[in-house]
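Each chain, written out:
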Amino acid sequence: MREHYSLHKKSHYKVAIIGGGPAGCACALALAQAGLTENIIIEASDYSQFRIGESIPPEALKLLQTLNVDRAFLQDKHLPCYGTRSFWGDNRPGYNDTAINPFGNGWHLDRNRFDKFLLEQAKDRGVSVLLNTRFVTAAADGDGYVLNLKNIAEPPQTSQQLRADFVIDATGVRSSFARQQGSRQQQAFSLVAMVARFRHEGKISETYGLTHIDATAHGWWYSAQLPDNNLLVAFYSDPVTVKNLGLKRTERWMELLSSSPNSAHLFPLACNSNTQVMAFSAPSFCLDQLSGGSWLAIGDAASSWDPIASQGIVKAISSGISAAKFLTGALNKQQLTGSVQQTHQRYMALREQFYRLEQRWPESSFWQRQQHWHETESNIFNRST
C-alpha cells in the first residue's frame, strides 16, 4: 500500500503549498522557522516514482543552512560531486571543478530521497502533509480559496476539499494552479530529456565524482553517478529531433550513445532487456502573471530553466525561501516578482550566449533552433500544451 498522510480532519489552513518538491518544501520549512503554522503540503506522488537525478553545487549548502537542515542533509550521504567535465564548443574537454570553492564539493543527489528528506523535515516541524493527492481545481472563497483535491493512491479514488487563506503553486513546470488563474507561460520552448539508468560494470575512473556534458550534432549528453550505484545518462534535444531520430526507441538511443565518442567510451554499461529510455519535458518559460491576490507561483512553476544552467534545485530552494519572506512581510510582492522576472531575463541572455558557443555543426537543425529560438521556435511549449 502506498504511503499516505491524512489531513487529521482539519479543513482550513493558512497556507496550502501545492507540490512537495524542493521549492514547496523549502517554503514550508522557512515558514515554520518564522513561526507560521497551520500550513500544508499537497503532493501528488509518494516519492517512489523515478525522478531525474541532479547535481547541486557547493553553494547549495548555504541555502540548506538557512533552513537549518544542513547537518541532517550531510548525514544522508549523497555522493560528492567535484565539478563538471564538458565537451562544448571544442573537442577538448573543459573542467569546472570545486577544488577552491569555500563550501567544498557539491553533490550528486538521489532525487527521490532528497525530496522526501525535505518533506520529512517540514513534517517534523509541524507542517501537515498530504501524499498521493492531486490538485484538481480551485474556487475563490472570500480572501482565500477552496481547493478540490483527489486522493490517487488506491481505487476507488476519493475527492476532498480544504480551504486555504493563501496558495503557493509549487507544481513544477505544469504551473497547475497559476494556469487555472489565467497565467500563461511566456518565452516558452522545450527540450526533451531522453533518460536511462544503468548499473556500473567496473570502475568509472575517468569521470568519478564529475558531471559529464557532451555536445553532439543533434543535442547534448548529460551523465552522472547516482548514490544507488547507478549511472544516469540523459540526452537533451528538441521534440523535432527526438521524433526524426526515433529516440524514444531504446535501441536507437543506444546507437546514438555508442556513436558519441566523448561519452560512449567513458562508461562500461550493462544494457539488458529491462533497460528503458524515459522521456521528460525540459521547458524554459516565465509566467506572465506570477501572483494574484491570494496566490503565488514559485520554483519551476514560476520560471523554468534549461538544465544546462545547472541551477534547478538551487533556484527552487531559493524561491521557496523568498516566498516565505514575502508571506512574513520581509519582502513585498513587487520585489519578489520583479526579482524573478529580472533573473529570468538574465538567464535567457546567458542561455543564448552559451548555445552560441557551439559552432561545430553549423548545418545542424537542433543547434540552429537553439541559437535562434526566438525567430523560429518561439512559444513552442505553449502551442504543445
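Caption draft 1: Structural context of the pattern of salt bridges. A complete count under the given rule lists 14 salt bridges for this structure. In this structure, Arg-163 engages Asp-165 in a salt bridge whose closest nitrogen and oxygen atoms are separated by 2.7 Å. For Asp-165, a relative accessible area of 31% corresponds to the partly exposed category. Among the salt bridges present, the one from Asp-306 reaches Arg-351, with a minimum N-O distance of 3.0 Å. Linking Asp-306 in the loop between strand 19 (303-304) and helix 9 (312-327) with Arg-351 in helix 10 (residues 333-356), this pair joins segments that are 45 residues apart in sequence.

Caption draft 2: The arrangement of the pairing of strand 10 (residues 144-151) in detail. Buried residues dominate strand 10, accounting for 6 of its 8 residues. Pairing of strand 9 (residues 133-141) with strand 10 involves 8 bridges; the strand directions are antiparallel. Looking at the pairing, Ala-139 lines up with Val-146 of strand 10. The pairing of strand 10 with strand 11 (residues 158-169) spans 7 bridges and is antiparallel. Residue pairing in the sheet places Asn-151 in a bridge with Thr-158 of strand 11.

Caption draft 3: Layout of the nonpolar core. Judged by nonpolar contacts, the single largest core of 44 residues is most densely connected at Ile-168 and Ile-317. Counting only elements with at least two residues in this core, the list comes to strand 1 (12-18), helix 1 (22-33), helix 2 (60-66), helix 4 (111-124), strand 11 and helix 9. Ignoring any residue separated from it by four or fewer positions in sequence, one finds Ile-317 in contact with Pro-22, Ala-26, Leu-63, Leu-64, Leu-67 and Phe-114. Formed by 23 residues, the second largest nonpolar core is a distinct cluster that contains Ile-18, Phe-135, Leu-162 and Ala-297.

Caption draft 4: Just the pairing of strand 6 (residues 94-97), in detail. In this sheet, strand 6 lies alongside strand 5 (residues 83-87) in antiparallel orientation, the contact comprising 4 bridges. Looking across to strand 6, one finds that Arg-85 is bridged to Tyr-95. Where strand 5 hands over to strand 6, the hairpin turn is made up of 6 residues, of which Gly-89 adopts a positive phi near 80°.

Caption draft 5: Examining the sheet that holds strand 3 (residues 55-56) more closely. Taken in spatial order, the 3 strands line up as 3-7-4 in an open sheet, and their pairing is antiparallel. What marks the edges here is a single partner per strand, and that holds for strand 3 and strand 4 (79-81). The pairing of strand 4 with strand 7 (residues 106-108) spans 3 bridges and is antiparallel. Paired with Pro-80 across the strands is Trp-107, a residue of strand 7.

About the cut-offs
- Residues numbered from 1 in each chain as written.
- Predicted model: local features only at pLDDT ≥ 70, side-chain atom pairs only at ≥ 80, totals over all residues.
- Heavy atoms only, no water.
- Salt bridge = Lys/Arg side-chain N within 4 Å of Asp/Glu carboxyl O.
- Buried < 20%, exposed > 50% of the residue type's maximum accessible area, 1.4 Å probe, protein only.
- Helix = DSSP H or I, 4+ residues; strand = E, 2+ residues; numbered from the N terminus.
- Pairing = 2+ DSSP bridges.
- Core = buried A, V, L, I, M, F, W, Y, C linked by side-chain atoms within 4.5 Å.
- Contact = heavy atoms within 4.5 Å.

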